[in-house]
Amino acid sequence: MSRLKNFSTIVLFLFTASSLWAIEDRNFVGGNSNSSNSTNNNSYRAACIEARSERDLDINNVRARLRTGGDLWWDGDRARYIVPNVDPASGQPEVSSLFAGGIWLGAFDDGGNLILAAQTYRQTGNDYWTGPLDVNTGTIEKTDCEKWDRFFEVYGSEIDALRADYFEPDPVTGQPDESIENRPARNILGWPGRGNPYFAEIYGFDLPDQELAPFIEPPGKEDGIYNPYDGDHPVIEVVGCPKDYFNPVYADQMDWWVYNDNGNIHTNTNGQPMFMEVHGLAFGYRTTDAINNMTFYRYKLLNRNNLSLNDTYFSLWSDPDLGCFNDDYIGVDTITGMGYVYNADADDDATCGNDAVGYGAAQIPALGVDYFRGPLDSTGAELGLSSFVYYENTNDAIRGNPNSAVQYYRLMDGLWLDGRPISRGGTGDNGPTADKFPYVFYSFPNESGTDVWSMCEEGITGNDYRFLHTSGPFVLAPGAVNELISGVVWVPEIPDYPCPALTELVEADILAQNLFDDCFKITDGPDAPYMDVVELENELILNLSYVPAQNNYELNYSESPAILRNTADTTYTFQGYKVYQVINENISVTELNDPEKARLIRQVDLRDSIGKIVNWNAFSDPDVQAFIPTIMVDGADEGVKHTFI
């Protein structure tokens with residue numbers, strides 16, 4: 001048997017869904033304090049320098065700038081959450097929907113001292129530096145900070161290639177040989193999984209003996225040491241989600257990095273250090289649905305402080321600039337935890353200063369930052385969204401930018417900068433005696449009536465706002481490991497300005513929520529069979545086969561994604577094949593109906609009384625609640641064959 005180089009085929013699968021305040025008296029300590037009560041760790045600071053590395057997460061319709069120093073979505077000067085992801089060389093305007101983001105952490109030690117880390121724009125300094133902390137002392141050397149000022153990137157296609165090599169059938173037995181014959185991609189060889197014997201070869205320094213980037217190992221080879229020649233490879237790690245080597249979770253692009261808050265003096269907030277180590281993982285998927293406009297972020301937080309921390313808050317900080325930054329409105333969907341930004345009027349100005357570019361008036365998008373998961377309290381219970389607050393890009397002493405550790409902490413605690421409560425109604429600033437309220441602008445813009453509160457309903461002037469998703473307060477135990485998980489969703493056009501319903505954004509966010517509920521496992525569809533081609537005179541014989549490791553072995557493919565939950569049909573199941581001869585290897589599925597590029601040579605389906613497969617698509621007019629059927633397969637219902645002449 002031989003594998004032909006100039007005979008291209010596409011096997012198309014047929015499958016169906018079947019049923020189928022006033023702050024308590026505290027000793028607020030600034031960054032230069034030498035208080036012995038602040039921690040029980042070694043107080044040495046490494047004098048690390050500012051992080052410099054940057055990289056774009058750009059696998060889909062978003063080009064999101066990542067930075068190793070605890071801030072995202074900008075390059076130190078300009079907003080760089082570019083969506084749509086236009087080619088920089090095309091001459092088209094690069095419009096951004098976010099300006100910056102990161103995580104804020106704050107707590108009190110047993111001595112009543114405030115310890116806090118928060119990164120914003122680095123004008124006054126930094127609170128985060130690159131590299132992992134020593135697991136015993138919570139410290140890091142300056143040279144180690146410099147070594148770790150980098151991203152570790154891997155692509156899903158590289159993992160696909162390694163897995164195909166590992167599961168390649170043995171020519172004699174037909175079973176997977178469970179070995180790696182080809183040298184894995186450099187990104188896989190250099191992944192900073194614990195004990196990786198190839199890491200120093202790639203990067204020139206040794207890994208510390210501690211848990212770092214997540215990976216998965218084949219059954220029977222689990223030794224806790226990352227070795228890609230054993231079949232180990234990177235994955236997305238989420239607490240509570242199972243690791244299954246035969247059904248692993250990884251994205252089309254993943255970037256991992258590590259940073260800490262004890263590499264130097266906190267010059268951004270002047271807070272004392274938390275002794276926190278943060279593992280960041282940013283990832284995205286290239287798809288044909290709304291997930292193609294999304295990016296996702298998982299932060300693993302390891303508390304290297306050997307004392308308990310009290311009244312701890314973890315916050316996800318976002319500075320949304322929807323194109324032009326001075327005409328934005330914000331709000332929150334308290335059901336999903338999505339904070340969002342939309343335009344204050346029907347025209348997002350083409351230019352608005354500081355080299356910012358707007359989306360114009362033809363198609364104004366909307367963006368949401370969803371807070372999927374917060375930290376665990378001292379009992380192990382997951383904390384949800386405890387508050388959603390905002391502040392303005394002004395020097396206002398109440399609602400403006402924070403300038404000290406105590407002001408950062410007050411915002412995390414749902415207070416304005418001067419300590420008065422954020423309260424319901426108006427701008428949220430209703431005086432020092434108003435009742436504290438956890439969620440600002442919790443109504444959708446188009447809602448009206450009693451108990452409605454949105455910027456649009458209040459008639460507030462559009463401006464440049466920042467917002468915080470916060471969980472807390474809780475007690476953070478020594479050595480505790482937590483995670484924050486978020487996703488950014490974007491839709492290209494929102495109708496009905498001003499005061500839109502944001503229906504399209506909510507629908508996209510539900511899709512993102514479903515993906516999170518599925519542990520970020522994209523629905524794969526059936527694995528492709530192995531194809532052997534036998535050449536005879538004027539004749540080819542195609543043999544399709546599976547090995548036990550594949551999800552359609554014995555034609556038993558079945559997946560139940562979250563998007564089908566609470567429906568009559570909850571499961572995708574295998575139904576058959578369409579086999580096409582195509583003009584070359586670059587033909588996509590969308591071109592199979594073009595007779596100049598593709599020819600259907602065989603169609604087979606299960607003998608199970610299911611003949612027709614129909615897709616139902618929503619009618620283009622959103623005011624018409626109707627679906628249009630399209631027959632995708634009209635099968636013979638005669639059973640599946642795996643050999644074709």
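Located above this text is the structure these notes cover.
Notes on the structure in this doc start here. Only a predicted model underlies this, so the values are computations on that prediction, with no experimental measurement involved. (Residues numbered from 1 in each chain as written. Predicted model: local features only at pLDDT ≥ 70, side-chain atom pairs only at ≥ 80, totals over all residues. Heavy atoms only, no water.)

Glancing now at the nonpolar core. The biggest cluster of nonpolar side chains holds 141 residues, and the ones touching the most others in it are Tyr81, Ile236, Phe296, Tyr297, Tyr299 and Phe520. Non-local contacts of Phe296, meaning those with residues more than four positions away in its chain, are made with Leu281, Ala282, Phe283, Tyr285, Ile291, Phe372, Ser486, Gly487, Ala512, Leu515 and Phe520. Met531, Val533, Leu542 and Val604 belong to the second-largest nonpolar core, a separate cluster that totals eleven residues. (Core = buried A, V, L, I, M, F, W, Y, C linked by side-chain atoms within 4.5 Å. Buried < 20%, exposed > 50% of the residue type's maximum accessible area, 1.4 Å probe, protein only. Contact = heavy atoms within 4.5 Å.)

Judged by pairing direction, the sheet is antiparallel, and its three strands sit side by side in the order β22-β23-β29 without closing on themselves. Whereas interior strands pair on both sides, the edge strands pair on one side only; in this sheet they are β22 (530-536) and β29 (643-644). Relative to β29, strand β23 (residues 539-545) is paired through two bridges, and the arrangement is antiparallel. Following the sheet pairing, Leu542 is matched in β29 by Phe644. (Pairing = 2+ DSSP bridges. Helix = DSSP H or I, 4+ residues; strand = E, 2+ residues; numbered from the N terminus.)

Moving on, we get to the pattern of salt bridges. The final tally for this structure, using the stated rule, is 32 salt bridges. Here Glu50 and Arg122 are joined by a salt bridge, their closest N and O atoms 2.9 Å apart. Residue Glu50 is located in the loop between β1 (8-18) and β2 (54-57), and its partner Arg122 is located in the loop between β7 (114-118) and β8 (129-130); the two are separated by 72 residues in the primary sequence. In this structure Arg122 comes out as buried when scored by relative accessible area, which is 11%. Between Arg67 and Glu54 there is a salt bridge, and its shortest N-O distance comes to 3.2 Å. Of the two residues, Arg67 is situated in strand β3 (residues 63-67) and Glu54 in strand β2; the sequence distance between them amounts to 13 residues. Residue Glu54 is classed as partly exposed on the basis of its relative accessible area, which comes to 32%. Each of the salt bridges in this network shares a partner with another, and the network as a whole consists of Glu50, Glu54, Asp56, Arg65, Arg67, Asp71 and Arg122. (Salt bridge = Lys/Arg side-chain N within 4 Å of Asp/Glu carboxyl O.)

Within this structure, the stated rule accounts for three disulfides. Here Cys48 connects covalently by a disulfide to Cys145, the sulfurs 2.0 Å from one another. Because the sign of the S-S torsion sets the handedness, a value of about 65 degrees for the bond joining Cys48 and Cys145 places this disulfide among the right-handed ones. Placement of Cys48 in the loop between β1 and β2 and of Cys145 in helix α1 (residues 142-147) is noted, with a sequence separation of 97 residues between them. Both residues of the pair, Cys48 and Cys145, count as buried. Each disulfide pairs two cysteine sulfurs, and for Cys456 the partner residue is Cys499, the sulfurs being separated by 1.9 Å. Across the disulfide from Cys456 to Cys499, rotation about the S-S bond amounts to roughly -90 degrees, and the bridge is consequently left-handed. Pair noted here: Cys456 is in helix α6 (residues 455-458) and Cys499 is in the loop between β21 (481-491) and α7 (503-517), with a separation of 43 residues, a long-range link. On the basis of relative accessibility, which here comes to 13%, the residue Cys456 falls in the buried class. Classification of Cys499 by relative accessible area gives partly exposed; the value is 26%. The connectivity of the disulfides in the protein chain is 1-2, 3-6, 4-5, where the numbers refer to bonded cysteines in sequence order. (Disulfide = S-S within 2.5 Å.)

For the rest of this paragraph, the subject is the environment of Gly102. Note on placement: Gly102 falls in strand β6 (residues 100-108). A relative accessible area of 3% means that Gly102 is categorised as buried. Measuring from C-alpha to C-alpha, the distance between Gly102 and Ala213 comes to 19 Å, with 111 residues separating the pair along the chain. If near-sequence neighbours (up to four positions away) are discounted, Gly102 is found in contact with Gly70, Ser315, Leu316 and Trp317.

Further remarks concern the environment of Leu411. Structurally, the position occupied by Leu411 is in helix α5 (residues 405-412). With 300 residues separating them in the primary sequence, Leu411 and Gly111 have C-alpha atoms 22 Å apart. Leave out the neighbours within four places in its chain, and Leu411 touches Trp104, Val389, Tyr390, Tyr391, Pro402, Leu417 and Leu468.

With that settled, the discussion passes to the packing of aromatic side chains. What the rule picks out here adds up to 51 aromatic pairs. Taken together, the aromatic side chains of Trp74, Phe99, Trp104, Tyr121, Trp317, Tyr391 and Tyr408 make up a single cluster linked through ring pairs. The ring of Tyr245 has Arg163 lying over it, and the distance from NZ or CZ to the ring centre is 4.8 Å. (Phe/Tyr/Trp six-rings, centres within 6.5 Å; stacked < 30°, edge-to-face > 60°. Lys NZ or Arg CZ within 6 Å of the ring centre and 35° of its normal.)

Before going further, it helps to spend a moment on a nonpolar patch on the surface. A grouping of Val614, Trp616, Phe627 and Ile631 is seen on the molecular surface, where their side chains present a nonpolar patch of about 440 Å² in accessible area. Only β27 (612-618) and β28 (627-634) provide two or more residues apiece to the nonpolar patch. Checked against the element boundaries, Ile631 lands in strand β28. (Patch = residues over 30% accessible without salt bridge, like charges linked within 9 Å, V, L, I, M, F, W, Y side chains within 5 Å. Areas by Shrake-Rupley, 256 points an atom, 1.4 Å probe, with all protein chains shown as cover.)

This part takes up α7. In a regular helix each residue adds 1.5 Å, so 15 residues correspond to 21 Å; α7 covers 21 Å between its end C-alpha atoms and thus fits that length. Of the residues making up α7, those classed as buried are Leu505, Ala508, Asp509, Leu511, Ala512, Gln513, Asn514, Leu515 and Phe516. Packing partners of the buried residues in α7 comprise β14 (295-303), β17 (338-343), β18 (366-373) and β21. (Expected span 1.5 Å × (residues − 1).)

For a regular strand, side chains alternate in direction, first toward one face of the sheet and then toward the other. Counting buried residues along β6, nine of its nine residues qualify, which places the element largely inside the surrounding structure. Both strand β4 (residues 71-72) and β6 contribute to a ladder of two bridges, which runs antiparallel. Within β6, the position partnered with Asp71 by the bridge is Gly102. The sheet contact formed by β6 and strand β15 (residues 309-319) spans eight bridges and is antiparallel. Each bridged residue has a counterpart across the sheet, and for Phe108 the counterpart in β15 is Asn310. Where β6 lies against β7, five bridges are found, and the strand directions are antiparallel. Paired with Phe108 across the bridge in β7 is Leu114. Here β6 folds back onto β7 in antiparallel fashion, the turn holding five residues, of which Gly112 has a positive phi close to 80 degrees.

Moving on: helix α2 (residues 156-166). Since the α-helix turns once every 3.6 residues, residues separated by three or four places project in the same direction. Turning to α2, its buried residues are Gly156, Glu158, Ile159, Leu162, Arg163, Asp165 and Tyr166. In this structure, the buried residues of α2 make contact with β9 (152-155), α3 (186-189), β11 (233-234) and β12 (253-260).

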